[in-house]
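# Working through the structure, step by step
In case you want the letters, here they are:
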Amino acid sequence: MPDISGSHLMDSRVLGDLFTSEAMRAVFTDRAMVQSWLDAEVALAGAQAGLDIIPTEAAAHIADAADAGRFDLDAMGHEVGRTAHPLVPLVRRLAEEAGPRWGAYVHYGATTQDITDTGLVLQVRAAIELTERLLRDLIRQLADLAERHRDLPMVGRTHAQHALPITLGFKFAVLLAECERHADRLRDARPRVLVGQLGGAVGSMAAFGGRGPELQDAMARRLGLGSAPVPWHSARDGLAEVVGVVAMVAATCGKIANEVRVLQRTEVAELAEPFTTGKVGSSTMPHKRNPMFCEYIIASAILCRQAPASMLAAMHQEHERDMSLWGVEWAVVPETFCLAAGLLERTGWILDGLVVHPEALYRNLHTLGDLMLSEAAMMHVAGAMGKTAAHDAVYEASMAAWETGRPLRDLLLESPAVTASGADLDELGELLVPERYLGSCGALVDRTVARARAFLAHTGVSATAPEEAA
């Protein structure tokens, strides 16, 4: 039989570690999935025993038998293929393991989706916890970088062109605030996502003899999950929401990687991803130091972009239940979490060893001379001639500076409109210095970092870098 393992990035032994997270893959293995279904069956049986729906001995025997390590997954897969049913082979095997007397109470009154949905939610809970830990680590790293480079001036760019001066710390602060919002979104989604499922055939709980809501509550408590006010067999908004949030986390990681990548361009050379001897940039150009890890991150982020669209499509369930779209969730949820965790791990690695070139930051900051300070000049003379007239006058001088290469200050001093305005032109020389036009960058960094440190302290994570804590 041919070896077909590793036929996807998710489980590739060759490429998998470049894109996904080993820790997150462990959450979504076949064994983990089967165990989550068994855990749901155990909770159901235990809750039923507690309400005298089934014998206590039956629940105990079912719990003893519900060990995924005792199940032959290859045989189960064969049976799934033969029966075309995802859960019946497990139910039958669990009943055999529980014994002929007590196995009769396995899956008592439940429907397949009760167990597979609840099992998936258990996996999602573990996945959220891992994602939150990785995201908190990234928040700490960004806070450290923002604080460390609070006052390091650099070019701020709009439309890929030099715009106005900012600081490198400010750039990191913007990313820091975005990541903290993602952490808030994950936390806020928990009560809507981490909800157990029990409804029976059509969600009416008819098989439970009027005790369905009580049974659902008891089952959910045993699993540490929330209990829905009504079964959500056909309502997939919770899973769609959490996948959307995780895809946003992935998008932010992709944005960070792309920023490092474009600032690592030879002609820019302001930042660079970590380099260690042995890392190869090209198989034919030995001199290359390519931002390859950034590129892997960007590729993974692109793959995650499609996840929300697929999950929105999976919300289009018909009637009370429909298997048509289960497979979408079974594919998209694990893949999105595994890719996003890989993104977080690799983005953290890049930021941990990020190379900053202050000399390049300075060089690029002064590439346009004082022309980049056109806003400063405009606002200075606007007090005397009004903003619109000031814009027109400074625009005319700026365009002349572009064409002639002369300093903006000299052209402003030759402008009839500016000289006639009555503005104090002696101050122009001091105003048109990039390092002196950083606005409130420092203050904005301070309050963003302070907020992030408070968040980390509240969530029990060290708010300082490991070396600082040591």
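Criteria and thresholds
Residues numbered from 1 in each chain as written. Predicted model: local features only at pLDDT ≥ 70, side-chain atom pairs only at ≥ 80, totals over all residues. Heavy atoms only, no water. Helix = DSSP H or I, 4+ residues; strand = E, 2+ residues; numbered from the N terminus. Buried < 20%, exposed > 50% of the residue type's maximum accessible area, 1.4 Å probe, protein only. Contact = heavy atoms within 4.5 Å. Lys, Arg positive; Asp, Glu negative; His and termini not counted. Charge placed at Lys NZ, Arg CZ, Asp CG, Glu CD. Pairing = 2+ DSSP bridges. Core = buried A, V, L, I, M, F, W, Y, C linked by side-chain atoms within 4.5 Å. Polar contact = N/O pair within 3.5 Å; in protein donor to acceptor, adjacent residues only side chain to side chain. 1 Å grid on protein atoms, 1.4 Å probe; cavity = no way out; pocket = protein on both sides within 12 Å on 5 of 7 lines; lining within 4 Å. Points joined across faces, edges and corners; volume = space filled by probe spheres on them. Nonpolar A, V, L, I, M, F, W, Y, C, P; charged D, E, K, R; others polar.

### Regarding the overall build of the protein
When its secondary structure is counted, the protein shows 20 helices and 6 strands. Viewed in the frame of its principal axes, the protein has a C-alpha envelope of about 100 × 55 × 45 Å. Here the protein holds 470 residues, and the buried ones make up 49% of them. Looking at the protein alone, contacts between residues at least 24 apart form 75% of all its contacts between residues at least 6 apart. Computing the positive centroid from 42 side-chain charges and the negative centroid from 60, the protein places the two 2 Å apart.

### As for the pairing of strand 1 (residues 153-158)
The side chains of a regular strand alternate between both faces of the sheet. Judged from the 6 bridges that link them, strand 1 and strand 2 (residues 161-167) form a sheet pairing that is antiparallel. Paired with Met 154 across the two strands is Ile 166, which belongs to strand 2. Adjacent in sequence and paired antiparallel, strand 1 and strand 2 are bridged by 2 residues, among which His 159 carries a positive phi angle near 55°.

### Re the nonpolar core
Formed by 113 residues in total, the largest nonpolar core has its most connected members in Met 24, Val 124, Ile 139, Leu 142, Phe 172 and Phe 337. The greatest single-element share of this core, amounting to 16 residues, is contributed by helix 7 (residues 112-148). Each residue touching Ile 139, except ones within four places of it in the same chain, is listed here: Leu 176, Cys 179, Glu 180, Ala 183, Ala 452, Phe 455 and Leu 456. Core analysis: the second largest hydrophobic core is formed by 24 residues, Val 155, Met 372, Val 381 and Leu 428 among them.

### Considerations on the side chain of Ser 21
Position of Ser 21 among the secondary structure elements: in the loop between helix 1 (16-19) and helix 2 (22-27). For Ser 21, a relative accessible area of 0% translates into the label buried. A distance of 2.8 Å separates polar atoms of two side chains, one belonging to Ser 21 and the other to Glu 345.

### Quick notes on the layout of surface pockets
Estimated volume of the largest pocket: approximately 970 Å³. At the level of secondary structure, the elements contributing two or more residues to the lining of the largest pocket comprise helix 3 (30-50), helix 5 (73-83), helix 7 and helix 12 (326-352). When the residues that make up the lining of the largest pocket are grouped by side-chain class, the tally is 14 nonpolar, 5 polar and 5 charged. The volume enclosed by the second largest pocket comes to roughly 540 Å³. Taken together, 23 residues make up the lining of the second largest pocket; nearest its centre are Arg 157, Ala 160, Lys 171, Glu 259 and Leu 263. Looking at the lining of the second largest pocket, the elements that each hand over two or more residues are strand 1, strand 2, helix 8 (168-193) and helix 10 (237-263). Residue composition of the lining of the second largest pocket, by class: 11 nonpolar, 6 polar and 6 charged.

### A short note on empty space enclosed by the protein
A full pass over the atoms with the stated rule returns 2 cavities of 30 Å³ or more. Estimates place the volume of the largest cavity at around 50 Å³. If you trace the largest cavity, you find it lined by Lys 171, Phe 172, Leu 175, Ile 256, Glu 259, Val 260, Leu 271, Leu 351 and Leu 354. Class assignment for the residues of the lining of the largest cavity results in 7 nonpolar, no polar and 2 charged. In this structure, the second largest cavity spans a volume of roughly 40 Å³. For the second largest cavity, the full set of lining residues is Thr 118, Gly 196, Gln 197, Leu 198, Gln 216, Met 219, Ala 220 and Leu 223. For the lining of the second largest cavity, the element with the highest residue contribution is helix 9 (residues 212-223), accounting for 4 residues.

Note that all results are geometric; they support no functional claim without further evidence.
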